[in-house]
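Topology and contacts: notes
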Amino acid sequence: MTTATTRTVIGNLCLGTAPDSWGIWFPQDEHQLPYTRFLDELVQAGYSWLELGPFGYLPTDPRQLADELGERGLRVSGGTTFGALHRPDQWDDMLANTRKVAELTAAAGAHHLVYIPPMYRDEKTGEYTESPELTAGQWASFGRRADELGRILLETYDVRLVLHPHADSHIQTQPEIERYLNESDGRYANLCLDTGHVAYGGGDAVDLIRRYGERIGYVHIKQMDPVVLDQVRAEGLSFGEAVKRGVCVEPPAGVPNPADVVSALSELDAKIFVIVEQDLYPCAPEVPLPIAVRTREYLNSHGLGGGRA
């Protein structure tokens with residue numbers, strides 16, 4: 001049991017977790033747990049809210065998904081998808097894929113879609129697959145395309161687009177995050193604040209909360225090991241290699257300080273899901289559950305509960 005003093009539960013924040021915290025990065029992969037074990041362990045760890053994770057890992061038939069979640073007393077905070085807003089030639093395919101995820105998200109009773117830009121380095125090999133810098137032309141249309149996608153999701157599915165900054169992607173550093181926010185419309189496109197990826201890109205999550213609080217629609221809470229971050233910058237490591245070296249750590253270790261993040265979020269005038277993510281891919285099957293328990297206990301001790309959203 002945690003030895004920290006338990007705070008009164010913060011009323012505007014709702015704690016959940018994600019498949020990522022169990023080492024789930026792909027719809028299918030030999031290193032990942034079967035989804036039934038993931039769901040069972042999520043309950044054992046004391047969570048009642050979850051993000052859907054990579055489309056195709058959990059059942060994509062709405063009735064089967066509802067049955068699997070319902071028998072375990074689980075509820076869905078949001079869906080997850082990858083897509084490229086900077087590639088206009090891929091818009092139609094991206095939109096079709098995003099619609100499928102949004103439809104399942106809405107059927108599960110959730111109203112947020114976490115939209116992750118593609119990485120410019122291969123997740124497994126670390127090889128560069130495109131330039132790490134967007135051109136002026138790509139930047140010029142990025143915000144408009146986010147708005148268009150967000151409007152479609154909101155009007156069709158009652159699902160809100162929250163773009164997720166990600167290591168080795170074109171929305172990684174704080175200037176890139178702020179440019180996206182400044183060039184998009186808060187009615188349709190907002191931010192999934194991933195505290196770990198912000199730190200990975202050299203940014204300040206608490207500063208973003210204080211200056212762009214009205215644009216933060218959803219949160220992934222995680223921490224990065226500053227020693228491994230130094231190795232990333234010194235050696236030019238890919239995110240996949242950094243994860244293998246243990247860049248993502250459980251609280252209270254790492255940066256940013258999770259207690260500071262929770263305190264800043266508690267001051268916002270909005271109800272927000274705070275979803276635990278600890279990038280563990282690949283990991284041994286017995287690793288995630290005890291980490292998930294300790295993480296929940298720590299965050300509970302700082303006022304983060306998993307009650308009604």
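Residues numbered from 1 in each chain as written. Predicted model: local features only at pLDDT ≥ 70, side-chain atom pairs only at ≥ 80, totals over all residues. Heavy atoms only, no water.

Let us now look at the packing of aromatic side chains. In the structure shown here, the tally under the stated rule is 12 aromatic pairs. Arranged with centres 5.2 Å apart and planes meeting at 75°, the rings of Trp22 and Phe38 form a pair that is edge-to-face. You can see Trp22 sitting in the loop between strand E1 (13-17) and helix H1 (35-44) and its partner Phe38 sitting in helix H1, a full 16 residues away along the chain. This pair shows no difference in class: Trp22 is buried, exactly as Phe38 is. Where Phe142 meets Tyr180, the ring centres are 6.2 Å apart and the plane angle is 90°; that geometry is what we call edge-to-face. Highlighted residues: Phe142 in helix H4 (residues 136-157) and Tyr180 in helix H5 (residues 174-183), separated in sequence by 38 residues. On the accessibility criterion, Phe142 (3% relative accessible area) is buried. Through successive ring pairs, a cluster of aromatic residues spans Trp25, Phe26, Tyr200, Phe239 and Tyr281. (Phe/Tyr/Trp six-rings, centres within 6.5 Å; stacked < 30°, edge-to-face > 60°. Helix = DSSP H or I, 4+ residues; strand = E, 2+ residues; numbered from the N terminus. Buried < 20%, exposed > 50% of the residue type's maximum accessible area, 1.4 Å probe, protein only.)

Two elements in contact, H4 and H5, have axes separated by 8 Å at closest approach and are oriented at 60°. By the angle between their directions, the pair H4 and H5 is classed as oblique. In this structure, the crossing between H4 and H5 has a hand that is right-handed. Across from Trp139, Phe142, Gly143, Arg144, Ala146 and Asp147 in H4, the residues of H5 making contact are Glu176, Arg179, Tyr180 and Glu183. Class assignment of the residues belonging to the contact of H4 with H5 gives a composition of four nonpolar, one polar and five charged. (Axes fitted to C-alpha atoms, helices over the stretch in contact; angles between N-to-C directions. Parallel < 35°, antiparallel > 145°, perpendicular 65-115°, else oblique. Left-handed = near helix turned anticlockwise from the far one by under 90°. Contact = heavy atoms within 4.5 Å. Nonpolar A, V, L, I, M, F, W, Y, C, P; charged D, E, K, R; others polar.)

Turning next to empty space enclosed by the protein. Applying the stated criterion to the full structure yields four cavities of 30 Å³ or more. Considering only enclosed or pocket space, the largest cavity measures out at about 240 Å³ in volume. As for the largest cavity, its lining consists of 20 residues, and the residues nearest its centre are Asp20, Trp25, Phe82, Ile116 and Glu277. Leu52, Gly53, Pro54, Phe55, Gly56, Tyr57, Leu58, Pro59, Gly79, Thr80, Val101 and Leu104 together form the lining of the second largest cavity. Mapped by element, the contributors of at least two residues to the lining of the second largest cavity are strand E3 (75-82) and helix H3 (91-107). (1 Å grid on protein atoms, 1.4 Å probe; cavity = no way out; pocket = protein on both sides within 12 Å on 5 of 7 lines; lining within 4 Å. Points joined across faces, edges and corners; volume = space filled by probe spheres on them.)

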